[in-house]
Structure formats: C-alpha cells, structure tokens
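Residue strings, one per chain:
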Amino acid sequence: VQETPDDFIITCVGSGTIISRDGLILTNAHNSALSDDCDGETLIIALSIRPDEPPVPLYRAEVTEVDSGLDVALLRITRSLDGRL
C-alpha cells in the first residue's frame, strides 16, 4: 500500500501463509516486492478472523527474502498496524 496522512491506498493484494510463531509469512514475490506493477512502500498484513467477513488489517511487515525467478517471498511481521512493536 501507499500511505497518505489519513489512510492507505491499496496498490497490490495477495495471499500468504504464516509459517512461524515469530511472524514469518510465505507469499508470492510479485505482490510483495517493489516493481512497476506493485509500487507501494508499506506491506500491510490482514488476517481472516471470521470466515464470513473480509480480512482485518492488523500488522505491518517487511520483505526478508525474495526470489523473483521462483516468485517466492518471505515476509516478517514487524509491528502492529498502529506502529507498536
């Protein structure tokens, strides 16, 4: 997403899987690494809390590893959405 003073502008959406308790997420590189198609500077992690409702944005993350050739990225949750560690 791109941050504005009052809100976020969604530039890319993807899915991923939490793979560890310390906040590692396995996802695709094409929706998490900076590119011409995906130019947001902030990664927001939304979780599905209830199956009958849309995912809830809860965390910020950063790219830990990326392999564009395999289209795989590893993200790490770094803080809550409001900036708390």
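The preceding data block contains the structure.
Description of the structure in this document. Here the residue index of a chain counts from 1 through its sequence in written order. Only residues with pLDDT of at least 70 are given local features in this predicted model, and only at 80 or more are side-chain atom pairs given and counted; all residues enter the totals for whole chains, interfaces and linings. Hydrogens are left out, water is left out, and the side-chain values use all remaining heavy atoms of the structure.

### A closer look at the overall build of the chain
Part 1: When you go through the chain residue by residue, the secondary structure sums to 0 helices and 7 strands.
Part 2: To get the radius of gyration, use the C-alpha atoms; to get the globule rule, take the number of residues to the power 0.38 and multiply by 2.2 Å. Computed over the C-alpha atoms, the radius of gyration of the chain is 13 Å, within 12% of the 12 Å expected from 2.2 N^0.38 for a compact globule of 85 residues.
Part 3: Across its three principal axes, the chain shows a C-alpha extent of roughly 35 × 30 × 30 Å.
Part 4: Out of the 85 residues in the chain, the part that is buried amounts to 24%.
Part 5: The accessible surface values rely on the Shrake-Rupley method and a 1.4 Å probe; as for residues, cover is taken only from the protein chains in view. A total of about 6,100 Å² of accessible surface is found on the chain, and carbon and sulfur atoms cover 53% of it.
Part 6: Each charge sign in the chain was given a centre, from 6 positive and 15 negative side chains, and these centres are 13 Å apart. Helix and strand labels come from DSSP, where a helix needs a run of H or I of at least four residues and a strand needs a run of E of at least two; each type is numbered from the N terminus. Exposed residues in this analysis have more than 50% of their type's maximum accessible area, buried residues have under 20%, and partly exposed residues fall in between, with area computed by a 1.4 Å probe over protein chains only. By the counting rule applied here, Lys and Arg register as positive and Asp and Glu as negative, while His and the ends of each chain are not counted. A single reference atom marks each charge: NZ on Lys, CZ on Arg, CG on Asp, CD on Glu.

### Some words on a negative patch on the surface
Part 1: In this analysis, a patch consists of residues with relative accessible area above 30% that form no salt bridge, clustered at 9 Å for like charges and at 5 Å for the nonpolar side chains Val, Leu, Ile, Met, Phe, Trp and Tyr. The salt bridge criterion pairs a side-chain nitrogen of Lys or Arg with a carboxyl oxygen of Asp or Glu, the two atoms within 4 Å. A surface patch of like charges, here negative, comprises Asp-36, Asp-37, Asp-39 and Glu-41.
Part 2: In this fold, Asp-37 is placed in the loop between β4 (24-27) and β5 (43-47).
Part 3: Judged by its relative accessible area of 70%, Asp-37 is exposed.

### Considerations on the side chain of Arg-60
Part 1: Looking at the element boundaries, Arg-60 is found in strand β6 (residues 56-67).
Part 2: For Arg-60, a relative accessible area of 17% puts it in the buried group.

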